[in-house]
Amino acid sequence: MTEKILVTGGAGYIGSHTTLLLLEAGYDVVVVDNLSNSSLESLRRVEEITGKSVVFHRMDIRDKSRLGSVFAENDFEGVIHFAGLKAVGESTQIPLDYYEQNVFGSINLLQVMRKYHCHNIVFSSSATVYGDPASVPITEDFPTSTTNPYGSSKLFVEEIMRDLSRSDEQWHIVLLRYFNPVGAHKSGLIGEDPAGIPNNLMPYISQVAVGKREKLSVFGDDYPTNDGTGVRDYIHVMDLSDAHVKAIEKINSLAGVSTFNLGTEKGYSVLEMIKAFEKGSGEPVPYQIVARRPGDIAECWADATLARNHLGWKATRGLEQMVEDSWRWQSNNPDGYGV
C-alpha cells in the first residue's frame, strides 16, 4: 500500500517543493494550508509538473475539529509540519500572533496526531534557534538562544516535542534546522512568492533585478566579515526538500528526537550574493548601505555532518544554480503566482 503523508503548510515555498518530491518518490500527499502566505496555484503547478494529484484542505491547524476530521479520513504514515508564520521582523511587532499560530498550532497538531495514533513527525525548525553563535560552523550541540519571537516560537516547539518524546517512546521526531533557503524548481513553475515586501535576501534581489523594486537595502557594512556585510549559509530549496523526503524515509529507524542542521557548510556575504545574481541574470541590482538591523548577526553557516551520516543527505546545488533557478522563476513569474 502506498504510504500517505500529511504536509501542513504544503502550499508554501518549501512545502510545495517538498510536496513535489514526495509525489515523485511515490507517496500519496494530503496538504492542509490556510493560504495566509501561500497560493493554491503552487499546488496546481506541482500537479502539472508531476502528473499526480494532491488532496488539499484549506484550513488552519488551530482548528482541531477540522484537523481531526482529516486524520479520521486518512491513515497517515507521518506528518511534515511547515505551517506557521515566518517573518523575523514581523514577529517582533505581533509576537502573540506568532506564538498562537506556531506554538498553539503545533500543540493542536500533536494532540490530533496522538489521538489518531500517528507518531512520526518531521518539524520545520530554523537556525535562528542558535541566536548569535559564539563561533562557526554551527553544530547541533551548540547552545540555543533566540533574538526574536519567531526564533523563540521554533525553539519552544522543539522543547515541547522533546518533552512529548520523553513521555511516550512511540514518537519518532525529526527536527530540521534550516539555514537560508533560496532557489526554485528547475522548471521555473514554482518558487518563492512572498506576500508584500520580501523578508529574505534572494527574493528581494530578484525583485530588484526584474524591475519590481527600485533598489536593495544592505543592512550594515561594518561587520567583522570579508567585505563588512553579513555572511549566511544559503541552501537550494530542492536540496532542503530532499532532506524532508529522506527524513520521512528514515524516520522509523530514528528513535526519539533527532536534530539535523540543513545547510551547504559554506557562507556567502550579501555583496557576494548581489554580484552572483548580477552575473547569473545579466541584470543590475542597485543597492544602498543602510544601518544594521537589530537582532542581525555577523555570520552563520552550518556543519551538516549529522544529516550526512544519519539521513544520507548532502546539499548538492551550488550558488550558481541557486541564482539560475531563482532568476528563471522570477523572470517567468514577475508577479509570483499572481493569483
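Residues numbered from 1 in each chain as written. Predicted model: local features only at pLDDT ≥ 70, side-chain atom pairs only at ≥ 80, totals over all residues. Heavy atoms only, no water.

Colleague: How should the side chain of Asp60 be read in this particular structure?
Modeller: One can find Asp60 in the loop between strand S3 (55-58) and helix H3 (64-73). A distance of 2.8 Å separates polar atoms of two side chains, one belonging to Asp60 and the other to Arg62. The contact partners of Asp60, leaving out residues within four places of it in the chain, are Asn34 and Gln101. (Helix = DSSP H or I, 4+ residues; strand = E, 2+ residues; numbered from the N terminus. Polar contact = N/O pair within 3.5 Å; in protein donor to acceptor, adjacent residues only side chain to side chain. Contact = heavy atoms within 4.5 Å.)

Colleague: Explanation requested: the sheet that holds strand S9 (residues 231-232) in the structure shown.
Modeller: Sheets are built from strands that pair by backbone hydrogen bonding, the pairs being arranged parallel or antiparallel. Read from one edge to the other, the open sheet built from 3 strands follows the order S12-S9-S14, with strand pairing classed as mixed. If you trace the sheet from one side to the other, it starts and ends with strand S12 (268-269) and strand S14 (299-300), each paired once. Two strands pair when backbone bridges link them, and S9 and S14 are joined in this way by 2 bridges, in the parallel orientation. Paired with Val231 across the strands is Glu299, a residue of S14. (Pairing = 2+ DSSP bridges.)

Colleague: Any chance you could explain empty space enclosed by the protein here in plain terms?
Modeller: Once rolled over the atoms, a probe with the size of a water molecule shows which space is left empty. Under the defined criterion, the tally for this structure stands at 3 cavities of 30 Å³ or more. A volume near 70 Å³ is recorded for the largest cavity. Lining the largest cavity, in full, are Tyr13, Val182, Gly183, Glu192, Met202, Pro203, Ser206, Ser326, Trp329 and Gln330. Breaking the lining of the largest cavity down by element, the ones donating at least two residues are helix H7 (201-209) and helix H11 (319-332). Looking at the lining of the largest cavity, its residues break down into 5 nonpolar, 4 polar and 1 charged. (1 Å grid on protein atoms, 1.4 Å probe; cavity = no way out; pocket = protein on both sides within 12 Å on 5 of 7 lines; lining within 4 Å. Points joined across faces, edges and corners; volume = space filled by probe spheres on them. Nonpolar A, V, L, I, M, F, W, Y, C, P; charged D, E, K, R; others polar.)

Just distances and angles here, no functional claims.
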